[in-house]
Amino acid sequence: LMAEDMEVDESNAGIDAVLWDMTRPLVGNVSKLEFLKFDSDADAKTVFWHSSAHMLGEALEHLYGSRLTIGPPLKGGFYYDSYMGTSDA
């Protein structure tokens, strides 16, 4: 979801278009919405892979007690490195 003319925090000041997760409520005045298509938009894929990495990380932490290290979204997917040992790292 791309929202334009939305009031955002100061760190994004001056940006007209903002990638916005569909689970967050819209704030402020929104003059235009654009739904990104997974098959044809690199931003849509990046957002999807980023969210998927967070879900994987949560599962690794809660189900296996993993300690997460890095796990960025990639061009064709995502990954998470984690420590699953029994001693402190």
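Presented here is an overview of the structure given in this document. (Residues numbered from 1 in each chain as written. Predicted model: local features only at pLDDT ≥ 70, side-chain atom pairs only at ≥ 80, totals over all residues. Heavy atoms only, no water.)

### Some remarks on the side chain of Ser66
Within the secondary structure, Ser66 sits in the loop between α1 (42–64) and β4 (67–68). Once residues lying within four places of it in the same chain are set aside, the contact partners of Ser66 are Leu60, Glu61, Ser82, Tyr83 and Met84. (Helix = DSSP H or I, 4+ residues; strand = E, 2+ residues; numbered from the N terminus. Contact = heavy atoms within 4.5 Å.)

### A few points about the packing of aromatic side chains
Scanning the model with the defined rule gives four aromatic pairs in all. With a centroid separation of 5.4 Å and 80° between ring planes, the pair formed by Phe38 and Phe48 is classed as edge-to-face. A residue pair is termed long-range when its members are at least 10 positions apart, and Phe38 in the loop between β3 (32–34) and α1 and Phe48 in helix α1 qualify at 10 residues. According to the relative accessible area criterion, Phe38 is partly exposed, its value standing at 36%. Ring centres of Phe48 and Trp49 lie 5.1 Å apart, and the angle between their planes is 70°; this geometry places the pair in the edge-to-face category. Residue Trp49 is classed as buried on the basis of its relative accessible area of 17%. Taken together, Phe38, Phe48, Trp49 and Phe78 form an aromatic cluster joined through their ring pairs. Directly above the ring of Phe38 sits Lys45, whose terminal nitrogen or CZ lies 5.6 Å from the centroid. (Phe/Tyr/Trp six-rings, centres within 6.5 Å; stacked < 30°, edge-to-face > 60°. Buried < 20%, exposed > 50% of the residue type's maximum accessible area, 1.4 Å probe, protein only. Lys NZ or Arg CZ within 6 Å of the ring centre and 35° of its normal.)

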